[in-house]
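In case you want the letters, here they are:
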Amino acid sequence: MSFLKFDKTQMTNLQDSLMKEFLLTNKSGAYCSSTLVGCNIRKYHGLFVVPVPELDDENHVLLSSLDETVIQHGAEFNLGLHKFTGENYSPKGHKYILSFEWDKVPTWVYRIGGVLLKKEIIFRTERDRLFIRYTLLEAHSPTTLRLHPYLAFRSVRQWTHENGRANTHAESVEQGISMRLYDGYPELFMQLDSPHAHYVHRPDWYRGFDYPKERERGYGETEDLLVPGYFEMPIEKGESIVFTASLAARDPKSLQPLIESEIVNHDSRDSFYHCLVNAAHQFRQQLGGEEYLVAGYPWFKARARDTFISMPGLTLAIGETEQFEKYMDTAAKALNDFMDGRDISVQLYEVEQPDTLLWAMWCLQQYAKFVGRQQCFSRYGDLIHRMMSFIFEGKHPNLFAHNNGLLYSNGRDKAVTWMNSQAYGRPIIPRSGYIVEFNALYYNAKKFYQLMLVDSDQAMHHVVAERIEEECKLFETNFRSTFLNEHGYLFDYVDGQANDWSVRPNQLLAIALDFSPLTLKERKGVLDICTRELKTPKGIRSLSPKSGGYTPYYAGHQQQRDYAYHQGTAWPWLTGFYLEAYLRVYKMSGVNYIERQLIGFEEELFYHCVGTIPELFDGNPPFSGRGAISFAMNVSGILRAIRLLEKHRAEA
């Protein structure tokens, strides 16, 4: 039974349903996304959005939307919905939606008088191909189906407008057409499997499409879309007709079997957990034979820090160890390229960030907990040695181990942590010097590395392990004296005489990781202040309301949003670390607490982009979801928390 279901009352309430989005992706990084009522509210929305590497490294909207019209006795009922300037909605086809549910594929049922029409959208996992299947469930008189495609042929970051350069010519292909509006773009093939379908070429520009989410983000421009004509065909009761959009023509007779084979390979979304598992799979990307994790949709790419934070939750926590190894094998190439001073040979971004190696070590530590340290060392021992030596020997251009054992990084002029928002080319939060999570991750990495060396049968490794043990004792003392303040929490960063007193969530890493430089009493003090000032039902605030500069609402134009990005907004991925810290302090008594915290995220699967978790939330009620519609670190954090809960229940 489908977990994600909405009835007619919910779907026809446009104020509510217009903000509910859906997302389908494939391994090339292409996607299909819109709202549940079919009205695009972002410039990133589109039914067929694909990378065009010949042009740039962005995705491009080729097919923006497809309007369906049901015709009976000469009367036309348009099922589409668009927002135009001036709060005008047309043609208001959402009023015909009887229900929406998403088990294996998103499915709509429309009622138009005595007509019941089912629509399913399927996006191929291995190819850039969209299927939309229409099935006439009920009809008491002859019925015709008409389809109007709306074409954009633009980057997701741009707009398109009526112009004389667009090539409005359509080439005939088997039971369909192909079009290419501009040079440099691939051809878009649109076909139907009905032998009775015919196409009427009548190109025209539709003007003034307005996207409320873009206005909310400070982008007020509208756009125009080209409708080249329409497809029309009779449809009988019980008959299914498939429309496909792709970059290559296909035998129309093969479309139905392709759909069936694709659906079989999809997992059901029959629970909170299975929705998140499906969301985890949507971040997979294959490029040039390499496997990547996209940081989020619709505008992020594969980023190193996000990859290492996300991998354990998106693979190990759901029993997909082999997928972890595929991601790590790609990431290892990037890490080795960086450490060797070469250009990065794979498409993983921001490998040079100073905390990348630290997060990579944490990521491998999670792998070791699932497969055992021996297997981890066997597969990734050389990489672990290289990364730790790279840090020990001071080879990183912006990560230095000082004589007190602590790590130092210069972030005054360029953002170096996950809190990376900038204005006028400079970091809004110039976290610099001894940064709290860098040092927490470093201590944890050293202790993990020490265990790896102790497990080794080489005497030289044991000598190094003993040296690390001594270094860690010094580190613990200096970490406390540097970061622990008189109020019982940790400075966010310390740079010379400058101590940042802001209460931020980065200190959670010092109490959530397997190895902490703090005593149990000190950890409890840190946890208590984070609970009082940072915890929300939707994640952990990036800044306490009691700290200066607190800005809880991520809204407005780009600069306003940049200044608010890490100044009080709530981040779900940090919840995983918070709950880990809670269990380490309160042991089994924390299990019920974790369960209650996760309930707050279950309802989020029915808002924003259904079935997944958005990038961030406002830090104050009503804790609205903001930013990217699906964010890998957040899905990962919740899946890790679920796994943590299961583990402790099993041990109870």
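Okay, so let's go over this structure. Computed from a prediction, not measured in an experiment: that's the story for all the values here.

The omega angle of the peptide bond from Ser 90 to Pro 91 is 5°, so this bond is cis rather than trans. Note that the residue after Pro 621, namely Pro 622, is joined by a cis bond; omega there is 5°. Tracing the chain through its elements places Pro 622 in the loop between strand S33 (616-617) and strand S34 (625-626). One non-glycine residue, His 608, lies in positive phi territory at about 55°. Relative to the helices and strands, His 608 is located in the loop between helix H16 (591-602) and S33.

Position of Asp 306 relative to the elements: it lies in helix H6 (residues 304-314). Overall, Asp 306 belongs to the buried group, its relative accessible area being 4%. Between the C-alpha atom of Asp 306 and that of Met 633, which follows or precedes it by 327 residues, the distance is 6.4 Å. The residues contacting Asp 306, other than those within four sequence positions of it, are Ala 295, Phe 631 and Met 633.

Attention now goes to the sheet that holds strand S10 (residues 106-112). The strand order S1-S9-S10-S11-S12-S19-S16-S15-S14 describes an open sheet built from nine strands, whose pairing is antiparallel. Only two strands of the sheet have a single partner each, and these edge strands are strand S1 (4-7) and strand S14 (171-173). Neighbour-to-neighbour, the strand axes of this sheet turn through a mean angle of 15°, independent of strand direction. Two elements, S14 and strand S15 (residues 176-179), share three bridges in a ladder whose sense is antiparallel. Directly across from Ser 172, in S15, lies its bridge partner Ile 177. Each of strand S11 (115-123), strand S12 (129-138), strand S16 (188-192) and strand S19 (240-246) is contacted by helix H4 (residues 255-264), which is oriented at about 100° to S12, the strand it contacts most.

Quick look at the packing of aromatic side chains now. Tallied over the entire structure, the rule returns 41 aromatic pairs. Look at Trp 299 and Phe 300: their rings are 6.3 Å apart centre to centre, the planes differ by 55°, and that puts the pair in the tilted class. Side by side, Trp 299 and Phe 300 carry an identical accessibility label, which is buried. With a centroid separation of 5.6 Å and 85° between ring planes, the pair formed by Trp 359 and Trp 362 is classed as edge-to-face. Pair noted here: Trp 359 and Trp 362 are both in helix H8 (residues 356-371), with a separation of three residues, about one helical turn. Looking at Trp 359, the relative accessible area reads 2%, which means it is buried. Looking at Arg 217, its charged tip hangs above the ring of Trp 299, at a distance of 4.7 Å from the centre. One Lys or Arg, Arg 467, reaches over the ring of Phe 392 and ends 5.8 Å from the middle of that ring.

At their nearest, the axes of H6 and H8 sit 9 Å apart, and the two run at 15° to each other. Judged on the interaxial angle alone, H8 and H6 are roughly parallel. As for how H6 packs across H8, the hand of that crossing is left-handed. From H6, Ala 304, Arg 305, Phe 308, Ile 309, Met 311 and Pro 312 reach across to H8, where they touch Thr 356, Trp 359, Ala 360, Trp 362, Cys 363 and Gln 366. Per-class residue counts for the contact of H6 with H8 are nine nonpolar, two polar and one charged.

Here is what the cut-offs are and how they apply
Residues numbered from 1 in each chain as written. Predicted model: local features only at pLDDT ≥ 70, side-chain atom pairs only at ≥ 80, totals over all residues. Heavy atoms only, no water. Helix = DSSP H or I, 4+ residues; strand = E, 2+ residues; numbered from the N terminus. Buried < 20%, exposed > 50% of the residue type's maximum accessible area, 1.4 Å probe, protein only. Contact = heavy atoms within 4.5 Å. Pairing = 2+ DSSP bridges. Axes fitted to C-alpha atoms, helices over the stretch in contact; angles between N-to-C directions. Phe/Tyr/Trp six-rings, centres within 6.5 Å; stacked < 30°, edge-to-face > 60°. Lys NZ or Arg CZ within 6 Å of the ring centre and 35° of its normal. Parallel < 35°, antiparallel > 145°, perpendicular 65-115°, else oblique. Left-handed = near helix turned anticlockwise from the far one by under 90°. Nonpolar A, V, L, I, M, F, W, Y, C, P; charged D, E, K, R; others polar.

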